[in-house]
Amino acid sequence: MCGIAGFFGPSLFGADIFSQTLSEMSKSISSRGPDDAGIWFHEASGVGLAHRRLSIVDLSAAGKQPMESHSGRFVIIYNGEIYNHNETRRELEGAYPAPAWRGHSDTETLLAACEAWGIENALKRSVGMFAFAIWDREKRELTLARDRVGEKPLYYGWFGEGQSAVFLFGSELKALKPHPSFVGGINRNAITLLLRHNYIPAPHTIYENVFKLLPGSFLTIRIENICNKPTPVKYWSLPEVAVAQQGKHSNILPGEIVGELHTILKMAVGRQMVADVPLGAFLSGGIDSSLVVSMMQSQSIRPVKTFTIGFEEDGYNEAGYAKRVAEHLGTDHTELYVTSEEAMSVIPQLPVAYDEPFSDSSQIPTLLVSRLARQQVTVSLSGDGGDELFCGYTRYLATEKAWKRLSLLPQPARHALAKGIQAVSPSGWDKLAHLFSLGDRTLGGHRLGDKLHKAASVLASRSVDSLYLGMVSHWADPEAIVLNATEPRTQLSGLMPELQSLNDVERMMVLDMMSYLPDDILTKVDRAAMSASLETRVPLLDHRLIEFAWSVPHSMKLNGGETKWILREILSQYIPKSHFDRPKMGFGIPLDRWLRGPLKEWAEDLLSEDRLRREGYFDPAPIQRKWREHLSGSRNWAYHLWDVLMFQSWQESQFG
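Parameters at a glance
- Residues numbered from 1 in each chain as written.
- Predicted model: local features only at pLDDT ≥ 70, side-chain atom pairs only at ≥ 80, totals over all residues.
- Heavy atoms only, no water.
- Core = buried A, V, L, I, M, F, W, Y, C linked by side-chain atoms within 4.5 Å.
- Buried < 20%, exposed > 50% of the residue type's maximum accessible area, 1.4 Å probe, protein only.
- Contact = heavy atoms within 4.5 Å.
- Helix = DSSP H or I, 4+ residues; strand = E, 2+ residues; numbered from the N terminus.
- Expected span 1.5 Å × (residues − 1).
- Pairing = 2+ DSSP bridges.
- Axes fitted to C-alpha atoms, helices over the stretch in contact; angles between N-to-C directions.
- Salt bridge = Lys/Arg side-chain N within 4 Å of Asp/Glu carboxyl O.

Novice: Is there a simple way to think about the nonpolar core in this case?
Specialist: Taken as a class, soluble globular proteins show a tendency for nonpolar side chains to be buried jointly. In this structure, I364, I566 and F618 are the most contacted members of the largest nonpolar core, which totals 178 residues. Setting aside chain neighbours within four positions, we find I566 in contact with I257, V258, L261, F390, V552 and M556. With 21 residues, the next largest nonpolar core counts L49, L144, Y156 and L213 among its residues.

Right under this line is the structure:
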C-alpha cells in the first residue's frame, strides 16, 4: 500500500522546480507511505512521477519506487498488491528470457509483465488491488490503471488550455494541489450527488476538471494529444461478468457449490495473508468478517490478531459479538471501548482524511478501528464485499417486496396513499405503533413514522429501479437544495448498464457493487486506514471469487428470506450458528442524539441561515426546516443533515 502522484505536460519550468513540485505532491500524501519516498522525471517529455512507500512485500531497497523495467523502457509508480505475482514470475521465467530479478517485490513483477505482455494483458492477468501510473519511454505515453473493483483510488484531471495543458494525477485529491497549474474550482453538480448518496460517485469529484478513474479501466495519455481528454478503456466489466456467469452452476448440487466456494474463499484469504510485516484483521462479529477471520486462523500457525471498536450506547455496539467469535476461534483479540467524546474528537480530522466531502457517518468508527489496528499491525484484512456479492442488505428484499405490491396499484392510487401517510406526522405514527405494540415487529421497529414517510416519498416510482434509487437516496431532490446546480446522471439514474437478464434483486446487487461499494465502502476504509498508515485487504473481492459468486444460483444467496445463505453454511463449519445468527447491525454511531446534544453548537454554526446564504451553495430554507424538526425530536434528519455538515466542514478546512 502506497501513494502515487505525478504530472505530464509541457516543460514550463526547470529541473529544480520539477523536483520541488514532485516532492511537495509526495509529501501531501505521506501517511500513505511513511517508510520511503522517491521521485523521477524526464524534463524533455514533461513527465514527473512521485511515490510514497509503505513497505509490505520486499522491505529492501530493491522494492523502491519509482522503478524502471529491466530494459529501461518503462517506469512505474504503483499502489497496491498483486497477489499472484509469484505465479506470474514463474510464468515469465518459463516463457521469456528471465530478467535478472533485483528483488522479490510485486512491483518488479508487474513491470516485467507489462513489458512482456503489454499493459492491458498484464492487467487482465493480475490478481489484486492496485492503482498505478506507468511511463512508456518508447511510445512517450503515460498510462493510468485501476483494479477491477476499485479498492485503490486514483484521481486525474487537466488544467490549462491548448499547448500549455497539464495532466495531473494522484492517489488522493490533496496530491494534485501542490502543482502550480492546479485550480480548485468547486463542482456544484457534484454536491447534488453528495446529498443524494452521501458520497460522490465516480467519475465525478468535488473539483471541476478532476475525475476518479473508474474501476476496471485504464487511461492512456500521449505526448502529442495531452489536452484531448481520451476516454478510459475498460479491461474488466462487472455487468458483463454478472450476465455471462448467471446460471452457470444451476445444474450442480448445492453441496458441491458450497464446497467449491469454500475452497475459493480459503485460497483468496490465504493469498492475502502474505506479507513481510505484521498482519491482522478487523472483526465485527458479523458473517463476513467472521468468515475471513475463521479462514485466516485455520491457515495460521499462531493466533491471528483481531480488532474491534466498542461503544457504550445501546444498539451501536458489536464488540460483544466479536469477542464471542474471537474466543471461539482463539484469536489474539483487542477491543477498545470509546466514549462519545472520544469518537466525536475525530470529526475535525475527517476533511483531511477524506479529502473531499464524504458523509457516511461510519467513517468515525472506521477511523478509530484503523488507528487501533495500526498500533500492532501494518496490514489488516476486512470482510467488505459480502453483502453486495451474496445478497446481504435487507433493503434488497424490502425493495422487491414493496415493488410487487406497488406495481399492482395504479399511480393515482399510489399518490393518494402517499398523501394519506404524510397526513399523519412521523411522531403520530410512532404513537400509533406504540399503542398497538407494533414498534418492534413487522411494521419496522424503531422510528416507524420516519420509515413510513420515507416509503411515501417513493410510492410514485415508475419501476423497481427508480424505487431502489429512492430507497437509497438521502435528499430526494438535491437540485432544489444546491443553488445553480444540475444533478449528473449516474449508473443508478440514466446510465444504468444492460442488466435485463438479471432479476430485480440481482440488478440492485450489481449497481451497489459498481457504485456504493467502491465510492462509499472502499473509499471509507481506504482513507481511514491510510490516514493511519495501515494497509487494508479485502479477500471477498478477489475477482475470481466474484466471477464464481455470480455463477451461484440466486436461491443459494437468498434462501427463504435468509440472506447470504451460502456464506452462513460455510461459516457454520468454523463457529456455531448461535454466534452469528442475528439481525444485521452495521457499523453505526448515535448520530441523531449527538446532533441534538454535544454536536449541537458545532452544527448550529455550520448550518446557520446567514452562513449558508453568504457562502451561496445551498438554499438555507429546507436545511433550516430539517434542522429545527431534528432538534425538536419530531423527525430524525441526522443523515440528511450530516451530508450538508460534511460539505460545510470540508469547505471550512479548505478555504477557512
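That was the structure; now back to the text.
Novice: How should I be thinking about helix α14 (residues 394–406) in this particular structure?
Specialist: The α-helix advances 3.6 residues per turn, and as a result positions three or four apart in sequence lie on the same side. End to end, α14 covers 18 Å across 13 residues, agreeing with the expected 18 Å (1.5 Å per residue, within 8%). Residues of α14 that are buried make contact with α13 (386–390), α15 (411–423), α18 (464–472) and α19 (504–531).

Novice: Can you help me understand the sheet that holds strand β10 (residues 210–212) in this one?
Specialist: Within a sheet, neighbouring strands are paired by backbone hydrogen bonds and run either parallel or antiparallel to one another. On the basis of which strands lie adjacent, the open sheet formed by 6 strands has the order β2-β3-β1-β9-β8-β10 and antiparallel pairing. Only two strands of the sheet have a single partner each, and these edge strands are β2 (36–42) and β10. The average undirected angle you get between the axes of adjacent strands in this sheet is 10 degrees. Looking at chain direction, strand β1 (residues 2–8) and strand β9 (residues 166–170) are connected through 4 bridges and run antiparallel.

Novice: Can you help me understand the pairing of strand β6 (residues 128–136) in this one?
Specialist: Side-chain direction in a regular strand flips from residue to residue, so the side chains alternate between the two faces of the sheet. Burial analysis of β6 places 9 of its 9 residues in the buried class, the great majority of the element. Here β6 shows a buried face lined by G128, F130, F132, I134 and D136 and a second buried face lined by M129, A131, A133 and W135. Two elements, strand β5 (residues 74–82) and β6, share 9 bridges in a ladder whose sense is antiparallel. Bridge pairing in β6 places E81 opposite M129. Here β6 hands over to strand β7 (residues 141–146) after 4 residues, with R140 in that stretch at a positive phi of 55 degrees.

Novice: I would appreciate a short explanation of unusual backbone geometry in the present structure.
Specialist: What you tend to see is this: most non-glycine residues have negative phi, and most peptide bonds are trans. In the segment running from Q65 into P66, the intervening peptide bond is cis, with an omega of -5 degrees. Structurally, P66 can be placed in the loop between β3 (47–53) and β4 (67–68). Cis geometry is found at the peptide bond from A202 to P203, where omega equals 10 degrees. For P203, the location among the structural elements is in the loop between α5 (188–197) and β10. Backbone geometry places K229, a non-glycine residue, at a positive phi of 50 degrees. With respect to the helices and strands, the residue K229 is situated in the loop between β11 (217–222) and β12 (233–234). Taking the relative accessible area as the measure of exposure, K229 reaches 46% and is therefore partly exposed. Phi at C391 takes a positive value of approximately 65 degrees, unusual for a residue other than glycine. You can see C391 is positioned in the loop between α13 and α14.

Novice: How should I be thinking about the sheet that holds β5 in this particular structure?
Specialist: An order of β4-β5-β6-β7-β11-β12 is seen for the 6 strands of this open sheet, with the pairing classed as antiparallel. Looking at which strands have only one partner, the edges of the open sheet turn out to be β4 and β12. Of the strands in this sheet, β4, β5 and β6 touch helix α3 (residues 106–117), which is tilted by about 125 degrees from β5.

Novice: Looking at this structure, how should I read the pattern of salt bridges?
Specialist: Proximity of charged atoms lets side chains of opposite charge pair with each other. Under the criterion given, the structure shown has 32 salt bridges. Linking D36 and K64 is a salt bridge whose minimum nitrogen-to-oxygen distance equals 3.0 Å. Here K64 lies in the loop between β3 and β4 and D36 lies in strand β2, a separation of 28 residues in the sequence. On the basis of relative accessibility, which here comes to 25%, the residue D36 falls in the partly exposed class. Residue class for K64 comes out partly exposed when judged on its relative accessible area of 34%. We note a salt bridge from K577 to E569, for which the minimum N-O separation is 3.6 Å. Classification of K577 as partly exposed rests on a relative accessible area of 42%. One network of salt bridges, with partners in common, ties together R32, K152, E172, K174, D355, D526 and R527.

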